[in-house]
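Okay, here's what each chain looks like letter by letter:
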Amino acid sequence: MDLVTVKSPNKKILKRKAPPFDFKGHKPEEIRKVVSEMRKTMKLSDGVGLSANQVGLDWRLFVAEYNKKFYVVFNPEITKKSEDMEILEEGCLSVPNVFVEVARHKSATLEGNDRTGKKIKIKAFGILARIFQHETDHLNGKLITDYL
């Protein structure tokens, strides 16, 4: 899979809110293949997270890997956030060689679906919470440069 960057011809997908993913419209084999390809692309790019729109797919999906745990989340929504914020520098595979200081909530609760459509809820802290917020931003059409 090729990464979509702010300089790609199809860069507009990065600024568009991804529609809810409908599991009925996709076969399990197709979902497995896309998730596998996204994971491979993320790892080859030295990323810790990758949203579907970053590879040109209009799916509300992201993959992430942190502390040797792999996450696949369809239709992610941040449903709860801590009041405590932390400012850290972030990079983005779709905005190469640019780093931006971004204030994020120190903890967040993420709800969505796993790759089979089952509802999931994950309470995340620290860097994992930041990754989830970053990837959810992508699916809402927001890039790190929007924080400048």
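That block above? That's the structure.
Please read these numbers as outputs of a predicted model, since none were measured by experiment.

Asks: Describe in detail empty space enclosed by the protein, supporting the description with residues and values.
Replies: Counted by the stated rule, this structure contains one cavity of 30 Å³ or more. Volume-wise, the largest cavity comes out at about 40 Å³. In terms of lining, the largest cavity is formed by C92, R104, H134, D137, H138, K142, L143, I144 and Y147. Of the residues contributing to the lining of the largest cavity, the split by class is four nonpolar, two polar and three charged.

Asks: Can you break down the pairing of strand β3 (residues 69–81) residue by residue, with the values?
Replies: When strand β2 (residues 61–66) meets β3, the two strands line up antiparallel, connected through six bridges. When the bridges of β3 are listed, E65 appears paired with F70. Turn length for the β2-β3 hairpin, with the two strands adjacent in sequence and antiparallel, is two residues, and the turn residue N67 shows positive phi of about 50°. Bridging between β3 and strand β6 (residues 107–113) involves five bridges; their strand directions are antiparallel. Across the sheet, residue I78 finds its bridge partner in β6, namely L110.

Asks: Tell me about the layout of surface pockets, and name the residues and values.
Replies: One number sums up the size of the largest pocket: a volume of about 450 Å³. Lining the largest pocket are 21 residues, with V48, E90, G91, C92 and H134 sitting closest to its centre. Counting only elements with at least two residues in the lining of the largest pocket, the list comes to β4 (85–92), β5 (95–105) and α2 (126–139). The residue makeup of the lining of the largest pocket, split by class, is 10 nonpolar, six polar and five charged.

Asks: Any chance you could break down α2 for me, citing the residues and the numbers?
Replies: Between its terminal C-alpha atoms α2 stretches 21 Å, which fits the 20 Å expected from 14 residues at 1.5 Å a residue. Counting buried positions over the 14 residues of α2 gives 12, a clear majority of the element. Looking at the residues trailing α2, positive phi occurs at G141, about 80°.

Asks: I'd like to hear about the pattern of salt bridges, residue by residue, with values.
Replies: All chains considered together, the criterion is met by nine salt bridges. D137 is the salt-bridge partner of R104, the closest N and O atoms lying 2.7 Å from each other. Of the two residues, R104 is situated in strand β5 and D137 in helix α2; the sequence distance between them amounts to 33 residues. Its relative accessible area of 3% is what places R104 among the buried residues. Counted as one network, the salt bridges with shared partners bring together E90, R104, R130 and D137.

How each quantity is defined
Residues numbered from 1 in each chain as written. Predicted model: local features only at pLDDT ≥ 70, side-chain atom pairs only at ≥ 80, totals over all residues. Heavy atoms only, no water. 1 Å grid on protein atoms, 1.4 Å probe; cavity = no way out; pocket = protein on both sides within 12 Å on 5 of 7 lines; lining within 4 Å. Points joined across faces, edges and corners; volume = space filled by probe spheres on them. Nonpolar A, V, L, I, M, F, W, Y, C, P; charged D, E, K, R; others polar. Pairing = 2+ DSSP bridges. Helix = DSSP H or I, 4+ residues; strand = E, 2+ residues; numbered from the N terminus. Expected span 1.5 Å × (residues − 1). Buried < 20%, exposed > 50% of the residue type's maximum accessible area, 1.4 Å probe, protein only. Salt bridge = Lys/Arg side-chain N within 4 Å of Asp/Glu carboxyl O.

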